[in-house]
Amino acid sequence: MLNKKTSFLLAFLIRMIVVGYGWWHDRNFIVKYTDVDYQVFSDAAEFVSLGKSPYERATYRYTPLLSYFMLPNIYLHLDFGKILFCLIDLLVGYIVLQLLDFIFLNYYVKKQDVEKIENNSLLLVNLTILFNPIIINVSTRGNADQIVVLFVLLTLYYSLIKKNLFLSAFWFGLSVHFKIYPIIYLPTLIVYLWCYDKKQGENKWIKCFNYCLVSGMTCILLIFVFYLIYGYEFLFETYLYHLVRSDNRHNFSIYFYYLYLSGALEKSTIMSILAFLPQTLSWLCIGWNVKEITLLHSLFLQTFVFVAFNKVCTVQYFVWYIALFGFTLQHYFYQRMKDKSRKYALIMLAFWVILWFLGQAIWLSTAYRLEFLGENTFFSLWMASVLFFTINSGIVLYFM
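Colleague: Before we go on, may I ask you to explain the pattern of salt bridges in this structure?
Modeller: Once the charged atoms of two side chains with opposite charge are near each other, the side chains can pair. What the rule picks out here adds up to seven salt bridges. Residue Arg141 pairs with Asp35 through a salt bridge whose shortest N-O separation is 4.0 Å. One end of the pair, Arg141, is in the loop between α7 (133–140) and α8 (145–161); the other, Asp35, is in the loop between α1 (4–26) and α2 (36–49), with 106 residues separating them in the sequence. Arg141 gets classed as partly exposed once you look at its relative accessible area, which sits at 26%. Taking the relative accessible area as the measure of exposure, Asp35 reaches 8% and is therefore buried. A salt bridge links Lys179 to Asp145; the nearest nitrogen and oxygen atoms lie 3.7 Å apart. With Lys179 in the loop between α9 (165–178) and α10 (186–195) and Asp145 in helix α8, this residue pair connects regions lying 34 residues apart in the sequence. Using a relative accessible area of 4% as the deciding quantity, one classes Asp145 as buried.

This is how it looks when you write it as structure tokens:
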């Protein structure tokens, strides 16, 4: 088995090779390897470098912070952002490794079995992050979703390991500013702080209030500053747009076909809002049932449900929960296997993982016929989305 240093070096080397291949591919093929969003980030950074608003770039619907992070693309090299995202991959892997060690040490493995703990944690990180082809593909194509994953993990790192709720709240506020979706974790974190984060003489009400205050002020202060600089356009493009978004481009979501048929009609906006109801109820129910030992596992399930029920669902969204999947595997192997035979548990795990990839393969093959062969497969593509949603629902029910 690879040791920690070798694993991280090899993971970085693989990513650099793929980044290099992407540079060559983009110059030799009509269909580019680089994600179209990466060009959007880079263009927005160029506008910022000229003293203009990043929102002058059409379809830039992110916090200005991302365009600032991408400024070296303008001043140094166009692939700087990809290398940055790959390094963030490794940092995400390292923090997940620390959190896995913490859970093993406190709940699952005897403290004297340090080598066993490190080996098990590293194996889970290698499988889910460092050598995961989806994670590698998303980051090397220039997608920035690992940044918000990093902020979420820093929230957990400072809360669980460092016991520094101020910094945990700061990172949580920053993550919500960067992408709206981490707000779904707030009820779960508050329940955890109230019930399981024990410190002698500390008032629960004050602790939870302070956590909400610091995280809220961090997010609001950033919003206020960028509002002063960029005005209402910043508010709409970064936040409000996503509340009423009705993307009729084909994607994994079960809603896409309805949005495609309804087009620009008013009812598509209503549907965009109504789509939040089953999504919200699902992640709230999961978060409310959190236990001390299942906090990180619950966050995985919440994210998984949120993405599965979202009205827009693309591969880069999978990164949000794949980075947390190691915690669910840890819980599965060391908690659920006590009640089942090891052979049966491994077969069921393999069954659901294979089924998940199979669902994607069916959808992608149908999308290929639409995009590259010009066939009218919209209904078939929607049926593939329904199949994938059904598989995702089965996964949630099995791992709960």
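Colleague: Would you mind showing me how to read the layout of surface pockets here?
Modeller: Empty space left among the atoms is revealed by rolling a probe the size of a water molecule over them. Here the second largest pocket is characterised by a volume of approximately 520 Å³. Lining the second largest pocket are 23 residues; nearest its centre among them are Thr128, Phe325, Leu329, Leu349 and Val353. Those elements giving two or more residues to the lining of the second largest pocket turn out to be α6 (114–130), α7, α16 (295–309), α17 (315–322), α18 (325–334), α19 (342–371) and α20 (378–399).

Colleague: What exactly am I supposed to notice about α10 here?
Modeller: Turn by turn, an α-helix covers 3.6 residues, leaving residues three or four places apart pointing in a common direction. Taken together, the buried positions of α10 are Thr188, Leu189, Val191, Tyr192 and Leu193. Those residues of α10 hidden inside the fold are in contact with α8, α9, α11 (204–230), α15 (276–288) and α16.

Colleague: Where do I start with unusual backbone geometry in this structure?
Modeller: A positive phi is found at Thr59, a non-glycine position, where the angle reads about 70°. Given the relative accessible area of 44%, Thr59 is considered partly exposed. Residues other than glycine seldom take positive phi values, yet Lys163 does so here, at roughly 55°. Note that Lys163 resides in the loop between α8 and α9. On the basis of relative accessible area, Lys163 is assigned to the partly exposed category, the value being 40%.

The rules behind these values
Residues numbered from 1 in each chain as written. Predicted model: local features only at pLDDT ≥ 70, side-chain atom pairs only at ≥ 80, totals over all residues. Heavy atoms only, no water. Salt bridge = Lys/Arg side-chain N within 4 Å of Asp/Glu carboxyl O. Helix = DSSP H or I, 4+ residues; strand = E, 2+ residues; numbered from the N terminus. Buried < 20%, exposed > 50% of the residue type's maximum accessible area, 1.4 Å probe, protein only. 1 Å grid on protein atoms, 1.4 Å probe; cavity = no way out; pocket = protein on both sides within 12 Å on 5 of 7 lines; lining within 4 Å. Points joined across faces, edges and corners; volume = space filled by probe spheres on them. Contact = heavy atoms within 4.5 Å.

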